[in-house]
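Spelled out from the first residue to the last, the chains are:
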Amino acid sequence: MASSKKRVAILISGRGSNMTAILDAAKASDYPAKIALVLSNKPDAKGLETAANHGIATEVVDHRSFKGDRKVFDAALHKHLTAHRIDLVVLAGFMRILSADFVAKWTDKMLNIHPSLLPSFKGLDTHQRALDTGCRLAGCSVHFVRADMDSGPIIAQAAVPVLDNDTADSLAARILKAEHTIYPHALELVASDKVSVQGMRVRINSDANMLCAHQDQQLIF
Ligand code: GAR
């Protein structure tokens, strides 16, 4: 079984809580992915230390050394991914925009998580924008990456309620809990080849394709 596991690189820029959720899930012997590399564009990303403590190989490609040349930065990323024989790339709070050429190399092999119910609220400040717009539901989405920011076929979404006394921080904390549930699950589905893409639609061939209710969140796979 071990040899058939997909080799995954997780790309981070910061604390790496989604990365940690995936590392924890990947400890299960039947999880279909092996986390082979954690790579950060920031040398001081807290998640690098966490990954090293889990015994995972880490690399840093500091975007500041590339003086805005995105293609050269992306080529450096690609070199590391190739060197570690990576099958799937997982963006987990990786806050760099990737070039269309790089994205094309990883079509349907690169996942991202975004803290909104896409296609609403792409970009930054999603939680405050959901509050300012008066949303009753907010949430998070795991999607295959396409060249446009925060776009691509959606693999999993979770919706959570927006409460009357919510601040951006309290809403972000509720959504983050849901992120930690759906991201390992979405990666599991992709790594076990249960996912196919038709245009913008993702088909999931699994019993786990279901709606399940948790205490304060609705998880929709
Ligand atoms: C997460 O909330 C993730 O959804 C968001 O950054 C945070 C990273 O937290 N990603 C984006 O906004 C991407 N557009 P983490 O480092 O603790 O996983």
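Residues numbered from 1 in each chain as written. Predicted model: local features only at pLDDT ≥ 70, side-chain atom pairs only at ≥ 80, totals over all residues. Heavy atoms only, no water.

Novice: What is the right way to read the state of the cysteines from this model?
Specialist: Note: disulfide means a covalent bond formed between the sulfur atoms of two cysteine side chains. For the structure on display, the rule yields zero disulfides. Note on Cys135: no disulfide assigned, nearest cysteine sulfur contributed by Cys140 at a separation of 14 Å. We classify Cys140 as buried; its relative accessible area is 0%. (Disulfide = S-S within 2.5 Å. Buried < 20%, exposed > 50% of the residue type's maximum accessible area, 1.4 Å probe, protein only.)

Novice: Looking at this structure, how should I read the site of the ligand?
Specialist: In the vicinity of the ligand, the contacting residues are Arg15, Gly16, Ser17, Asn18, Gly93, Met95, Ile113, His114, Pro115, Asp150, Leu176 and Glu179. A distance of 2.9 Å separates an oxygen atom of the ligand from a polar backbone atom of Gly16. Burial of the ligand by the protein amounts to 88% of the accessible area it has alone, namely 450 Å². Taken together, the elements giving at least two residues each to the shell around the ligand come down to α1 (17-25), β5 (110-114) and α6 (168-191). Taken together, the residues of the shell around the ligand break down into four nonpolar, five polar and three charged. (Near = heavy atom within 4 Å. Polar contact = N/O pair within 3.5 Å; in protein donor to acceptor, adjacent residues only side chain to side chain. Areas by Shrake-Rupley, 256 points an atom, 1.4 Å probe, with all protein chains shown as cover. Helix = DSSP H or I, 4+ residues; strand = E, 2+ residues; numbered from the N terminus. Nonpolar A, V, L, I, M, F, W, Y, C, P; charged D, E, K, R; others polar.)

Novice: Before we go on, may I ask you to explain the confidence of the model for the protein chain in this structure?
Specialist: Detail in the predicted coordinates should be disregarded across regions flagged by low pLDDT. Per-residue confidence for the protein chain gives a mean pLDDT of 93, with 92% of residues at or over 70. Note that residues 209-216 has pLDDT below 50 and, in this model, 18 contacts with residues that lie over four places away or in other chains. (pLDDT = per-residue confidence, 0-100. Contact = heavy atoms within 4.5 Å.)

Novice: Sorry, what's going on with the packing of aromatic side chains here?
Specialist: To describe a pair of aromatic rings, one takes the distance between the centres and the angle between the planes. Applying the stated criterion across every chain yields a total of one aromatic pair. Consider the rings of Phe66 and Phe73, whose centres lie 5.5 Å apart with planes at 80°: the pair is edge-to-face. (Phe/Tyr/Trp six-rings, centres within 6.5 Å; stacked < 30°, edge-to-face > 60°.)

Novice: Hey, could you run me through the environment of Val60 in this one?
Specialist: With respect to the element layout, Val60 can be found in strand β3 (residues 58-60). Along the backbone, Val60 and Ser13 are 47 residues apart, and their C-alpha atoms lie at a distance of 9.8 Å. Those residues in contact with Val60 that sit more than four places away from it in its chain are Ser40, Lys42, Pro43 and Leu48.

Novice: What is the right way to read the environment of Leu48 from this model?
Specialist: Here Leu48 lies in helix α2 (residues 46-53). Distance from Leu48 to Thr58, taken between C-alpha atoms, is 6.6 Å for residues 10 residues apart in sequence. Excluding residues that lie within four positions of it along the chain, Leu48 makes contacts with Ile12, Val38, Ser40, Lys42, Pro43, Thr58, Glu59 and Val60.

Novice: Even after reading the chapter, I still don't get the nonpolar core, so can you show me in this structure?
Specialist: One recurring pattern in soluble globular proteins is that nonpolar side chains are buried together. Membership of the largest hydrophobic core comes to 44 residues, with the highest contact counts inside it found for Ile10, Ile35, Val38, Ile155 and Leu187. The residues touching Leu187, leaving out its near neighbours within four places in the chain, are Val8, Ile22, Tyr31, Ala33, Ile35, Leu88, Val90 and Leu111. Residues Ala9, Leu91, Phe102 and Met110 belong to the second largest nonpolar core, which totals 20 residues. (Core = buried A, V, L, I, M, F, W, Y, C linked by side-chain atoms within 4.5 Å.)

Novice: What exactly am I supposed to notice about the environment of Ile182 here?
Specialist: With respect to the helices, strands and loops of the structure, Ile182 is situated in helix α6. Note: C-alpha distance between Ile182 and Ala21 (161 residues apart in sequence) is 9.7 Å.

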